[in-house]
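Descriptive analysis of the structure
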Amino acid sequence: MPRYKLTIEYDGTPFCGWQRQADRMSVQQALEEAIGRFSGETVTTQAAGRTDAGVHALGQVAHFDLGKEWDPFRIREALNYHLKPYPVVIVEAEAVPETFEARFSATARHYEYRILNRRAPAAIERNQVWHVPVKLDASKMHEAAQRILGQHDFTTFRSSECQANSPIRTLDAFEVTGDGEIIAISASARSFLHHQVRSMVGSLKLVGEGKWSPDDFRAALDAADRKRCGAMAPAAGLFLTGVDY
């Protein structure tokens with residue numbers, strides 16, 4: 001069966017997340033229904049990352065199989081037509097070998113978290129940033145972020161509901177940059193634990209406020225104890241920006 005890869009952009013605000021749920025609309029459901037409308041087939045899509053409710057994507061990747069071959073250009077155009085009621089766009093569609101797996105073939109995933117650091121809250125971007133009115137020290141946050149690069153037990157920054165077999169992950173990049181009122185935090189790894197990025201960002205905020213030092217941040221990681229994690233950052237500021245293969 002022909003297999004197709006999609007690069008997807010979406011605003012996660014109205015969705016319960018990527019994965020199908022019984023009582024709320026998900027990105028996966030919206031996409032699969034759109035595929036059904038243009039192809040007449042019932043399909044199951046697989047994504048590179050199961051983003052949570054309210055989390056956005058600029059470069060989510062998914063794959064699916066169809067019973068006959070289609071021009072990838074026509075797939076993209078048809079899906080964007082049928083997805084119009086939702087804030088979901090297919091940026092690119094391409095034919096791939098049947099061995100390609102959106103989830104398991106990925107070699108790296110990239111996320112960005114955006115903080116609006118000013119007294120006034122957001123208006124236009126209110127669902128796409130974390131509004132923090134207290135002044136944050138982005139340079140201290142970056143210094144702390146560098147302390148946890150590499151392979152570690154990330155239990156402290158792991159959801160209590162995480163279903164991964166192991167808390168060991170390798171954090172390849174973790175950068176904090178300040179540009180005016182926006183603080184951007186980027187993270188890259190082959191894979192992340194459930195809520196890992198939002199948990200790390202929530203603890204970095206304590207460093208930015210001066211409540212923790214960079215050493216405190218590293219000590220929290222080393223404790224391998226979820227109770228040592230700061231309050232988790234909200235979903236609204238998180239974007240899946242890309243996936244490498």
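Residues numbered from 1 in each chain as written. Predicted model: local features only at pLDDT ≥ 70, side-chain atom pairs only at ≥ 80, totals over all residues. Heavy atoms only, no water.

Some remarks on the overall build of the protein
Worth spelling out the cut-off: Note on conventions: DSSP H or I runs of at least 4 residues are helices, E runs of at least 2 residues are strands, and numbering of each starts at the N terminus. Using C-alpha atoms as the atom set, the radius of gyration is obtained and then compared with a globule rule of 2.2 Å times the number of residues to the power 0.38. Burial classes follow relative accessibility: with a 1.4 Å probe on protein chains only, a residue under 20% of its type's maximum area counts as buried, one over 50% as exposed, and anything between as partly exposed. The criterion used for residue contact is that any of the two residues' heavy atoms lie within 4.5 Å. Here the Shrake-Rupley method, with its probe set to 1.4 Å, supplies the accessible areas, and only the displayed protein chains count as covering residues. Positive: Lys, Arg. Negative: Asp, Glu. His and the chain ends are not part of the count. The atoms used to mark charge sites are NZ of Lys, CZ of Arg, CG of Asp and CD of Glu.
When its secondary structure is counted, the protein shows 5 helices and 10 strands. Over its C-alpha atoms the protein spans a radius of gyration of 19 Å, differing by no more than 12% from the 18 Å that the globule rule assigns to 245 residues. If you line up the protein on its principal axes, its C-alpha atoms span 60 × 40 × 30 Å. Looking at the protein residue by residue over its 245 residues, the buried ones come to 49%. Intrachain contacts of the protein at a sequence separation of at least 6 include 70% that bridge at least 24 residues. Only carbon and sulfur atoms are counted for the fraction: they give 46% of the accessible area of the protein, which is about 11,700 Å². Distance between charge centres in the protein, computed from 29 positive and 31 negative side chains, equals 5 Å.

Describing the layout of surface pockets
We apply this condition: The rule is simple: put a 1 Å grid over the protein atoms alone, call a set of points where a 1.4 Å probe fits but cannot get out a cavity, call an open set with protein on both sides within 12 Å along at least five of seven lines a pocket, and count a residue as lining if it has an atom within 4 Å of a point. Grid points are joined across faces, edges and corners, and a volume is the space filled by probe spheres set on the points. Three residue categories are used. Nonpolar comprises Ala, Val, Leu, Ile, Met, Phe, Trp, Tyr, Cys and Pro, charged comprises Asp, Glu, Lys and Arg, and polar comprises the others, including Gly.
Quantified by volume, the largest pocket comes out at close to 1,200 Å³. If you list the elements that add at least two residues to the lining of the largest pocket, you get β2 (46-47), β5 (108-116) and α4 (196-208). Among the elements that make up the lining of the largest pocket, the one with the highest residue count is α4 (3 residues). Residues of the lining of the largest pocket, tallied by class, amount to 15 nonpolar, 14 polar and 8 charged.

Concerning helix α3 (residues 138-146)
Cut-off, in case you're wondering: By construction, the arc corresponds to the directions joining the helix axis to the C-beta atoms.
Buried within α3 we find Ala-138, Met-141, Ala-144 and Ala-145. Each buried residue of α3 sits inside an arc of 120° when the element is viewed along its axis, so together they form one side.

Topic: unusual backbone geometry
The residue His-195 is not glycine, and still its phi comes out positive at about 70°. Here His-195 is to be found in the loop between β9 (182-189) and α4. With relative accessibility at 19%, the residue His-195 sits in the buried group.

Describing the environment of Glu-181
Assignment of secondary structure puts Glu-181 in the loop between β8 (168-179) and β9. Overall, the relative accessible area of 39% leaves Glu-181 in the partly exposed class. Expressed as a C-alpha distance, the spacing of Glu-181 and Trp-70, which sit 111 residues apart in the sequence, is 46 Å. Look past the residues within four positions of Glu-181 in its chain and what remains in contact with it is Ile-115, Leu-116, Asn-117 and Arg-118.

Here we look at the nonpolar core
Cut-off, in case you're wondering: The criterion is simple. A nonpolar core is a set of buried Ala, Val, Leu, Ile, Met, Phe, Trp, Tyr and Cys residues joined through side-chain atoms within 4.5 Å.
In this structure, Ile-75, Leu-79, Ile-115, Phe-174 and Ile-185 are the most contacted members of the largest nonpolar core, which totals 69 residues. Ranked by residue count, the leading element in this core is helix α1 (residues 27-39), at 6 residues. Beyond its immediate stretch of four places on either side in the chain, Ile-115 contacts Trp-130, Val-132, Leu-136, Met-141, Glu-181, Ile-182, Ile-183, Ile-185 and Val-201.

Considering the pattern of salt bridges
Note the cut-off: By salt bridge we mean one thing: a side-chain nitrogen of Lys or Arg within 4 Å of a carboxyl oxygen of Asp or Glu.
All chains considered together, the criterion is met by 14 salt bridges. Across the pair Arg-114 and Glu-125 runs a salt bridge, and its minimum N-O distance is 3.5 Å. On the criterion of sequence distance, the pair formed by Arg-114 in strand β5 and Glu-125 in the loop between β5 and β6 (130-131) is long-range, its members being 11 residues apart. Arg-114 gets classed as buried once you look at its relative accessible area, which sits at 15%. Classification of Glu-125 by relative accessible area gives partly exposed; the value is 31%. A cluster of three or more residues bridged by salt bridges with shared partners is formed by Lys-140, Glu-143, Arg-147 and Asp-215.

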